[in-house]
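# Examining the three-dimensional arrangement
Here is how the chains run, residue by residue.
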Amino acid sequence: MAAGVAAWLPFARAAAIGWMPVANCPMPLAPADKNKRQDELIVLNVSGRRFQTWRTTLERYPDTLLGSTEKEFFFNEDTKEYFFDRDPEVFRCVLNFYRTGKLHYPRYECISAYDDELAFYGILPEIIGDCCYEEYKDRKRENAERLMDDNDSENNQESMPSLSFRQTMWRAFENPHTSTLALVFYYVTGFFIAVSVITNVVETVPCGTVPGSKELPCGERYSVAFFCLDTACVMIFTVEYLLRLFAAPSRYRFVRSVMSIIDVVAIMPYYIGLVMTNNEDVSGAFVTLRVFRVFRIFKFSRHSQGLRILGYTLKSCASELGFLLFSLTMAIIIFATVMFYAEKGSSASKFTSIPASFWYTIVTMTTLGYGDMVPKTIAGKIFGSICSLSGVLVIALPVPVIVSNFSRIYHQNQRADKRRAQKKARLARIRVAKTGSSNAYLHSKRNGLLTEALELMGTPEEEHVGKSTSLIESQHHHLLHCLEKTTNHEFIDEQMFEQNCMESSMQNYPSTRSPSLSSHPGLTTTCCSRRSKKTTHLPNSNLPATRLRSMQELSTIHIQGSEQPSLTTSRSSLNLKADDGLRPNCKTSQITTAIISIPTPPALTPEGESRPPPASPGPNTNIPSIASNVVKVSAL
Amino acid sequence: MWAEGESEGLQTLGIVVVLCSSLKLLHYLRLIDLSDDKIEDELEMTMVCHRPEGLEQLEAQTNFTKRELQVLYRGFKNECPSGVVNEETFKQIYAQFFPHGDASMYAHYLFHAFDITQTGSVKFEDFVTALSILLRGTVHEKLRWTFNLYDINKDGYINKEEMMDIVKAIYDMMGKYTYPVLKEDTPRQHVDVFFQKMDKNKDGIVTLDEFLESCQEDDNIMRSLQLFQNVM
């Protein structure tokens, strides 16, 4: 529950009067206001700067330093104020957190100093409000990366003693500066990539004429030499690929990576060519395969950081480029269609079809204007001019915008991803807070049960087991308890709910047990078929068992006289749980476990309640009588 | 196949296109104005700031002391700096107290019970007046207020549908994870029991007198009405 609305708790409790006529059972007593005192101002002196606030403001968050009794350690008797020898700037944010319920992160503040202060005051940084959370996380990540870089550079200088041969090889491949051998290997492969690429290029240059035949490209003239060069390069590349494959920590992942695919594609044509030299039919395909040799140039990207960044940028802006392409395509199709129909009238028109007009449109829109296709009709010329004007706008204008968009959208995408990831974390936080407050209620309910049970057993001096809840919390829990009473249903947590459902579905209800069951012979096994007010014995014997499973304390439970087939299971689980329930500070030596029977009259009398409402005098007298029927299940 | 008229037609089409685009260009240059769509600017209606009447007046009108009014106002102003609560804020605040289930319907009915003048917003005076009745009022006043809460359409009678709505809203606050599991007709049964008790002349509606009478007969209700005496 946010502390800001703690001020509205009186209103919520007052509004609970609206439930009273509807409720059919008596309400629990309100928690007594033991130490009610008038709200007072307290002075917090932080390194000389005095802050003043109401005491109740600080008590909104009882699990922080300022909200708990821990601040008493800082109380200065002489000046009657709390003195903290800490940073007053950050304290301002901390105090605002108490006032408004939102923790902000000031941008000028150093992240580690801020973290230190939050840790001192016992505030978790996760509570930082959404307005500042992103900034905080960014700074934190930068800091962490900086620390990691520092650590890495420290680590790199030491020698890593126990790396296996395979790991050293992988490190050598990934980071050529680790050893001289790696550097040599790096340069050698680089050289051979360059040689291979140049060979491919020079191969096609016309190389002078052999007398008696037409001009030959160098590749055919010096084919042996080129073949040797190619073989040498491919050898080197193959060896390199196999070595990388051997050294990779995760071979499967390596095989799937882009670089390895490029490697494979670069050397495949050679081997395929070796296999297929004599087959004339596929020589056409073989020639095509040679094109893939140009992919060897991409191997340079291992050597060049810039290429990798460019590739990554293109990949991340792929959607924007795709959209540009799509809009261009739309424009091209529109104009091509228009030009085709405009030029259809003229004779000897080159615009023979719409796809043929595509070429004209593209050439015009990119302002190339080859001139191989020109419109001849007036309409064609008008549309052609519109086409070229719009081409200027469509292509030339967005290019610098897109270039700047690259960086902007790139960062935006990153931020959007971050926000999406943080959204999940944020929702999880909200859910945790919600379940936290609901769990706090269930927890305090059990604790309240325990304390009342202990009180009933005559140990009044027992201190509060479990953490003492603040007044606001106890009032809030009282409110929830009233709601439970109004509706005759109880809050349980999710696991309990599912356990109940599972158990009820696993049960075979004996139909002769109670009169209320006999009217429903065909009880299905889903728990939703269970009527809420059917006070059957069977579910109830489960109920205390399951409740005991969740409650880790003793409670007086009365074991039913009638035997139930399920009782064995419940008893065994009772045994199990009561063992855990042994508390060191419990003074009673025997563990008495008993299930309080449910009064059989139907309608809306409360079901198994081990905490009798103190307001009504009736059940109070039952407790001693029930206690006398207790079956002591000992030696657990 | 293609008559001369076709390319003529296309020529006119071209001229039309040129004209339209030039008009649009002039519009963008704001030399002429062609727009007829109204831009909806969402004015923030909640910039109203309301200040309550003086402390002495409120003290006279309600059963609270000055100190208590101060504490109440501080909390109120903290959550609603503009001085009024609208239904959304009300629902959010109320939902924070009931994390298990959905408190919006009950908060809706509650809001309309607080908003006596049905203006759609609750000022501090309304808030404090209602609280004064609930916490410091006589039994009669409390029961009358509760009757007003249940009477959704404020016609002076509670019929079964209204009661169903209220009870359903209360059950909604419990959420899904309850023991025993909430069945579909649990609220209906609850309402039936209520009506059996309250509706004296069995005419299907509960009037204020029937309500007051039945409540005063029931000890549980009387006792629980006194429960929140010391809330402030």
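Nothing here was measured: the structure is a model prediction, and the numbers come from that model. (Residues numbered from 1 in each chain as written. Chains lettered and ligands numbered in written order. Predicted model: local features only at pLDDT ≥ 70, side-chain atom pairs only at ≥ 80, totals over all residues. Heavy atoms only, no water.)

Bringing the overall build of chain B into the picture now. Along chain B, the regular secondary structure elements total 11 helices and five strands. Buried positions account for 40% of the 232 residues belonging to chain B. By sequence separation, contacts in chain B at least 24 residues apart represent 58% of the contacts at least 6 residues apart. Total accessible area on chain B stands at roughly 12,700 Å², and carbon and sulfur atoms take up 55% of it. (Helix = DSSP H or I, 4+ residues; strand = E, 2+ residues; numbered from the N terminus. Buried < 20%, exposed > 50% of the residue type's maximum accessible area, 1.4 Å probe, protein only. Contact = heavy atoms within 4.5 Å. Areas by Shrake-Rupley, 256 points an atom, 1.4 Å probe, with all protein chains shown as cover.)

Across its full length, chain A carries 23 helices and seven strands. Here chain A holds 636 residues, and 39% of them are scored as buried. Across chain A, every contact between residues at least 6 apart in sequence was considered, and the portion connecting residues at least 24 apart equals 65%. A total of about 35,000 Å² of accessible surface is found on chain A, and carbon and sulfur atoms cover 62% of it.

Another aspect to go through is helix 9 (residues 186-198) of chain B. One turn of an α-helix holds 3.6 residues; hence residues three or four places apart share an orientation. Between the first and last C-alpha of helix 9 of chain B there are 18 Å, a value that for 13 residues agrees with the 18 Å anticipated at 1.5 Å per step. When we look at burial in helix 9 of chain B, the residues that qualify are Thr186, Pro187, His190, Val191, Phe194, Phe195 and Met198 of chain B. (Expected span 1.5 Å × (residues − 1).)

Another point: the state of the cysteines. What the rule picks out here adds up to zero disulfides over all chains. The closest cysteine sulfur to the non-disulfide-bonded Cys93 of chain A is located on Cys132 of chain A, 8.4 Å from its own sulfur. (Disulfide = S-S within 2.5 Å.)

Let's shift gears to a nonpolar patch on the surface. Residue and element names in this part refer to chain A. Taken together, the side chains of Ile198, Val201, Val202 and Val205 define a hydrophobic patch exposed on the protein surface, amounting to about 310 Å² of accessible area. Structurally, Val202 is set in helix 7 (residues 180-202). Judged by its relative accessible area of 33%, Val202 falls in the partly exposed class. (Patch = residues over 30% accessible without salt bridge, like charges linked within 9 Å, V, L, I, M, F, W, Y side chains within 5 Å. Salt bridge = Lys/Arg side-chain N within 4 Å of Asp/Glu carboxyl O.)

On to the nonpolar core. Ranked by internal contacts, the top residues of the largest apolar core, which has 76 residues, are Phe11 and Trp19 of chain A together with Tyr94, Phe98, Leu110 and Phe127 of chain B. Counting residues in hydrophobic clusters, the runner-up holds 27 residues, among them Ile42, Leu44, Val46 and Tyr82 of chain A. (Core = buried A, V, L, I, M, F, W, Y, C linked by side-chain atoms within 4.5 Å.)

Further remarks concern the interface of chain B and chain A. Counting residues at the interface gives 69 residues for chain B and 76 residues for chain A. Summed over both partners, the interface of chain B with chain A buries about 6,600 Å², with 70% contributed by carbon and sulfur atoms. For the chain B face of the interface with chain A, the top three residues by lost area are Phe97, Tyr177 and Tyr179 of chain B, together amounting to 14%. Summed over the shared surface of chain B and chain A, the result is zero salt bridges. Here chain B is connected to chain A by five residue pairs in polar contact (both at pLDDT 80 or more). Here the side of chain B that touches chain A is built from residues that sort into 45 nonpolar, 15 polar and nine charged. Sheet topology note: the strand 7 (residues 490-491) of chain A/strand 4 (residues 178-179) of chain B ladder contains two bridges and is antiparallel. Looking at strand 4 of chain B, one finds that Glu490 of chain A is bridged to Tyr179 of chain B. (Buried area = accessible area lost by both parts, 1.4 Å probe. Polar contact = N/O pair within 3.5 Å; in protein donor to acceptor, adjacent residues only side chain to side chain. Nonpolar A, V, L, I, M, F, W, Y, C, P; charged D, E, K, R; others polar. Pairing = 2+ DSSP bridges.)

Now for the packing of helix 7 of chain A against helix 9 (residues 223-247) of chain A. Residue and element names in this part refer to chain A. For the pair helix 7 and helix 9, interaxial distance at closest approach is 10 Å and the crossing angle is 140°. When you trace helix 7 past helix 9, the crossing you get is left-handed. For the pair helix 7 and helix 9, the contacting residues are Phe185, Thr189, Phe192, Ile193, Val195, Ser196, Thr199 and Val202 in the first and Phe226, Leu229, Cys233, Ile236, Phe237, Glu240 and Leu243 in the second. The residue makeup of the contact of helix 7 with helix 9, split by class, is 11 nonpolar, three polar and one charged. (Axes fitted to C-alpha atoms, helices over the stretch in contact; angles between N-to-C directions. Left-handed = near helix turned anticlockwise from the far one by under 90°.)

Quick look at the UniProt feature "transmembrane region" (unreviewed entry) in chain A now. Residues and elements named next belong to chain A. When the UniProt feature table is mapped to this numbering, "transmembrane region" (unreviewed entry) covers residues 181-202, 222-243, 255-276, 321-342 and 382-403. With 100% helix and 0% strand, residues 181-202 has end C-alpha atoms that lie 31 Å from one another. What you have in residues 222-243 is 95% helix and 0% strand, and the ends, taken at the C-alpha atoms, are 32 Å apart. (UniProt positions renumbered as here; feature names shortened; annotations may be inferred.)

Once that is clear, we can look at the confidence of the model for chain A. Residue and element names in this part refer to chain A. The predicted model of chain A averages 71 in pLDDT, with 65% of residues at 70 or higher. Contacts for the low-pLDDT stretch residues 458-468, under 50 throughout, to residues beyond four places or in other chains number 13 contacts. Contacts for the low-pLDDT stretch residues 509-636, under 50 throughout, to residues beyond four places or in other chains number 183 contacts. (pLDDT = per-residue confidence, 0-100.)

Here we come to the sheet that holds strand 3 (residues 75-76) of chain A. Residues and elements named next belong to chain A. Across the sheet, which stays open at both edges, the four strands sit in the order 2-1-4-3 with mixed pairing between neighbours. Strands with a single pairing partner mark the edges of an open sheet, and in this sheet they are strand 2 (49-54) and strand 3. Where strand 1 (residues 41-46) lies against strand 2, six bridges are found, and the strand directions are antiparallel. Along strand 2, the bridge assignment pairs Asn45 with Arg50.

On to the UniProt feature "domain: EF-hand" (unreviewed entry) in chain B. All names here are of chain B. Cross-referencing UniProt, the feature "domain: EF-hand" (unreviewed entry) maps to residues 102-137, 138-173 and 186-221 in the present numbering. Each end of residues 138-173 is marked by a C-alpha atom, and these two atoms are 28 Å apart; helix forms 69% of the span and strand 8%. Helix makes up 72% of residues 186-221 and strand 8%, and the two end C-alpha atoms of the span are 21 Å apart.

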